Each structure stands twice: as structure tokens, then as C-alpha cells.
Amino acid sequence: MLKKFLFADLDDTLFQTLEKCAGRAELEPAAYYSDGSICSYTTPAQRAFFAFASEGTTVIPTTARSLDAFRRVDLGFSSYVILNFGGVILLPDGAIDREWQAQMHGQMTTALPGSAGAGRPRRRLGRGLRLPWPRAPGGRRGHAVFRGAQDPDKDHDTLARIEREVVQPWLDAHAGYCVHRNGNNLAILPRSLDKAHAVAHVTERLRREHGEIVTFGMGDSRSDARFMADCDYAIVPRGTQLSRLTLEAL
Ligand SMILES: [Mg+2]
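Residues numbered from 1 in each chain as written. Predicted model: local features only at pLDDT ≥ 70, side-chain atom pairs only at ≥ 80, totals over all residues. Heavy atoms only, no water.

## Here's the deal with the overall build of the protein
Along the backbone of the protein there are seven helices and 11 strands. When each of the 250 residues of the protein is scored for burial, the buried share is 48%. Counted over contacts in the protein with a minimum sequence separation of 6, partners at least 24 positions apart contribute 53%. As displayed, the protein has an accessible area near 12,900 Å², and 52% of this comes from carbon and sulfur atoms. (Helix = DSSP H or I, 4+ residues; strand = E, 2+ residues; numbered from the N terminus. Buried < 20%, exposed > 50% of the residue type's maximum accessible area, 1.4 Å probe, protein only. Contact = heavy atoms within 4.5 Å. Areas by Shrake-Rupley, 256 points an atom, 1.4 Å probe, with all protein chains shown as cover.)

This is how it looks when you write it as C-alpha cells:
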């Protein structure tokens, strides 16, 4: 029997914030903020799916979360981990994949002078919008992986307007970058930073370790589609951005 691996996005795929939960019954905490308060919950269906997937399949988190934010996720994982939109890979023993880090460091060094310019629209983003600078664990301080913004009032229309009026004109002049927006999250990413690249790297390693394997990809966002398309099977949770753009659109 071939070994099975599931590359799974985390937020809005395996769990979500309270306001995104359809019901309130039998929710269980799954992820926490840095102050220890609960950030996200699993539904009974999500826990049933995770138990089903974990039985006989190795689940590999494939997330935009940083290492710090990933450590605040309370689900059990025991293999490779893909973080920071694919910018960082952890080996099964928890150590950073240095080979991947060196590769990404080279690409990010090329991309960074350009992404620093992506900060220029910041003045026009509006008051109170957060622009965090996630850092690659083990990388130099200030080694930004991507720029992101969230509207503090969770007004999705604000981010949609910012994408249209500020980010898109900037992207039109900077072909090496793309925008990822889903709900209250907006990120400007170098095209070299892509979950699909990291999934391809890990898949290659897994094939070296195990020979032929079967891969599954699971995610909720348009930006997950590329890595999911490279897997043998794709799983899309109902009612998500990716479901609306694909299955529900037919
Ligand atoms: Mg997601």
C-alpha cells in the first residue's frame, strides 16, 4: 500500500474564529492568541475529519502562519510543517530545513528591495490598519517574508477597496508580486513565495524517503489552489472562498 500524505491549510480549513463558526454547539479550542486567549475553534465535523485524515495518512500543515503562531495551534502533527506561505519548512524533528532556508533566503534577498517598496501604499491604507512584518525563524532580524494587512474593524469592503485602489496599481508596475486576499486578510507576496513551491520540495523529499506516494491537498483560499492542484486529490471545505470560486460556481 502506498503511503498517504495530506498537505492541509490550517486557518479556515481545519479550524476558524468563533464568528466564522456556523453554530456554537460543541466547539473546541484549536488555536490561541499570544496572550493565551482562544483564537479559533474546531467544529465536531472538523474534528471527525481530522481524526479520519490522521488515521493512516500523515497530515502536513501548509499554512501562512509563522512558527510562533503555529506553536499556538493545538492539533497533533508529527511530520514536515510548511509555514509562512511556504517560506519556511520544518523537518519531522522540528528543526528548520536549512536546505530550503538557504534557497528561500536567496530568492527573498532578491525580492526584498522590491517588497520594501510595497510599503509605500501603507500611508494610503488608512488609520489603524496593521502591517505586520513576519520574520523567517532563524533568518536575520528584519528578514521579512511577506507584507500583510488586516482591517481592525474586520470590514472586508475596506480591504477590497485597498486592493483595488492601492495594491493593484502597484502590482501592475511590479510583475514579481501578487496579492492574496481572503476575508479580512490581505498580503502582498513575492511570486517566489508560494505554498506550491514548498509542497513540491517536501513531496520530492517524501518520494526519496518512501518511493511512490499518494498526496492530498486541502485548503479554503484561492491561494491554496496551486498546491492543491499539484496533489493527486484536492479537498475543499464547503462555503469557503475556494469552494465558491470552483465547485459552487458550476
Ligand atoms: Mg486558510
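Still more to cover.
## Points about unusual backbone geometry
Phi at Asn84 is positive, roughly 50°, even though this residue is not glycine. Relative to the elements of secondary structure, Asn84 occurs in the loop between strand S5 (81-83) and strand S6 (88-90). Its relative accessible area of 0% is what places Asn84 among the buried residues. Look at Phe85: it is not a glycine, yet its phi comes out positive at around 60°. As for its position among the elements, Phe85 is in the loop between S5 and S6. The buried category is assigned to Phe85, whose relative accessible area is 6%.

## Notes on the coordination of the magnesium ion
For the magnesium ion, the full set of protein donor atoms is Asp9 (OD), Asp11 (O) and Asp220 (OD), and the range of their distances to it is 2.1 to 2.2 Å. Spacing between the donor residues of the magnesium ion along the chain follows D-x1-D-x208-D. With a gap of 209 residues between them, Asp11 in the loop between strand S1 (3-8) and strand S2 (28-32) and Asp220 in the loop between strand S10 (213-218) and helix H6 (225-229) connect regions that are remote in the sequence. The partly exposed category is assigned to Asp11, whose relative accessible area is 27%. (Donors = N, O, S within 2.8 Å, 3.2 Å for Na, K, Ca; no water.)

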